[in-house]
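One letter stands for each residue in the lines below.
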Amino acid sequence: MSKILSPPTTFVGRLKYLGPGFILSAAIVGSGELIATTALGAKAGFVMFWLIILSCLVKVALQLEFGKNAIYTGTFIMHNFNNLPGLRLGKAHWSIWLWLSLQGLKLLQVGGIVGGVAIVLHMAFPLISVNFWAIISVLITSFWVYKGNYGAVEKGSLVMIILFTAIILISVISLQWTQYAITWPQFESGLQFSLPTALVATAFGAFGITGVGGDEIMYYNYWCIEKGYAAYTGPNDGTKEWSERAKGWFQVMYLDAVLSMVVYTIVTAAFYLLGAAVLHTGGAVPEGYQMVDTLSRIFTETLGPWAKNIFLIGAFFVLYSTLFTAAASWARVWSDAFGQIGWMKFGSEQEQKRSIGIMSWVLPIAWCLLFLFFQAPVRMVILGGIATSVLLLLVVYVSLVFRYRNLPIALKPSTMYDVFFWISVLSILFVSGYGIVQII
């Protein structure tokens, strides 16, 4: 049965079809914001605030290209990677193999999130060990993702976004009535271009992991398709009606992406400012099992000792939102990739459901085992951020192919859109390239 639907033309009408951005926001604010961003603020103070804001703003144009590609093709991202021009190794395009080569560090990153969730739960319920909480967390997550569908993921993400955004904003506002109140000279210093050599690796990782990262940009394809944007547009039959529908659903997707960017930019900025104002001043850098206890100071120092429990609730939702949405997203992209390589069957809807179900158990168990082995959540997250920065370079290349090779002529964007797109591309290339050179 055809699912073709005329796109809404009003702002209120478009709000009813938002959703994929909620999932991305929930995925973004765990590892990047609570751990990597706060740790960078604790180490650097205010001087790298500009990098965090830049990281949030410049990547959304690439996300839009991946979202548009989902709408006009209706096919999943690894399938589209496999149709890119260039070298193939076996059944798969080189881009898929490059993506796969980075996944070792990415596994560490989400393993760090598992550790963060477990530490928070242990602080709230100390009778159960951190390791056992890690096991419980991934088993519950796997079961939820295995049994759930798009609607469950979207609604769960939205609830967690509302909770952690409210808690972090209350803390930032309360900061101004304490000894850690942020002054204008401090804030202004954070907007001046400065990148201390000693912090290049940390900053490079934070740039990759804050805002929408390379992996979240790829996941956006799956959530746009599952939301129904592509089905509502219908297959490209070359008619003017199809192109008008596609442009209309592009507008819905633009609103979805921009509003999610506003949310994660505000939350990211808030976490960085709290880390710079509270933790940097006291010389406290979150590490190891003391990570959560150290991070709790951004609340207890601003609201009082009683606020530690509020922090634990907020930290749980921030971290668990990433764990939950990562499990749902990774299960899809890994199954798709393995299907293109020939390691799993991912052709029919039934095969896709079965493969996603398998990976919804395999991947969280792998994250848990890595945390139990390394026991260093902050370092694990930062290493994953470095891999994400490299992945961003691949995403830039694919975005250029999508924009200038695959996009139907009838859907050509405005000059203003292209200007913003190229600002994004050049900014990412500059920061990522500079970071790679400094690390080497």
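Predicted, not measured: the structure shown is a model, and the values here were computed from it. (Residues numbered from 1 in each chain as written. Predicted model: local features only at pLDDT ≥ 70, side-chain atom pairs only at ≥ 80, totals over all residues. Heavy atoms only, no water.)

A. Representation of the pattern of salt bridges in the model. As enumerated under the stated definition, the model contains five salt bridges in all. Ionic pairing is found between Lys227 and Glu154, a salt bridge with its closest N-O pair at 3.1 Å. In this pair, Lys227 is assigned in helix α12 (residues 214-227) and Glu154 in helix α9 (residues 150-175), connecting sequence segments 73 residues apart. Overall, the relative accessible area of 13% leaves Glu154 in the buried class. With a closest N to O distance of 2.4 Å, Glu226 and Arg332 form a salt bridge. Placement of the pair is Glu226 in helix α12 and Arg332 in helix α17 (residues 308-341), with a sequence separation of 106 residues. (Salt bridge = Lys/Arg side-chain N within 4 Å of Asp/Glu carboxyl O. Helix = DSSP H or I, 4+ residues; strand = E, 2+ residues; numbered from the N terminus. Buried < 20%, exposed > 50% of the residue type's maximum accessible area, 1.4 Å probe, protein only.)

B. Region of interest: α17. Taking 1.5 Å of rise per residue, the 34 residues of α17 would be expected to cover 50 Å, and the 47 Å separating its terminal C-alpha atoms lies within 8% of that figure. The element α17 is extensively covered by neighbouring structure, given that 27 of its 34 residues are classed as buried. In the segment just after α17, Gly342 is the residue with positive phi, at about 105°. (Expected span 1.5 Å × (residues − 1).)

C. Representation of the side chain of Lys68. Following the sequence through the fold, Lys68 ends up in helix α4 (residues 60-73). Residue classification places Lys68 among the buried residues on the basis of a relative accessible area of 0%. Once residues lying within four places of it in the same chain are set aside, the contact partners of Lys68 are Phe250, Met253, Tyr254, Leu407, Pro413 and Tyr417. (Contact = heavy atoms within 4.5 Å.)

D. Fine view of the packing of α9 against α12. Axis separation between α9 and α12 bottoms out at 10 Å; the angle between their running directions is 115°. The pairing of α9 with α12 is recorded here as roughly perpendicular in orientation. Here α9 runs over α12; the crossing is left-handed. In this structure, α9 contributes Tyr150, Val153 and Glu154 to the contact, and α12 contributes Trp223, Glu226 and Lys227. Across the contact of α9 with α12, the residue classes break down as three nonpolar, no polar and three charged. (Axes fitted to C-alpha atoms, helices over the stretch in contact; angles between N-to-C directions. Parallel < 35°, antiparallel > 145°, perpendicular 65-115°, else oblique. Left-handed = near helix turned anticlockwise from the far one by under 90°. Nonpolar A, V, L, I, M, F, W, Y, C, P; charged D, E, K, R; others polar.)

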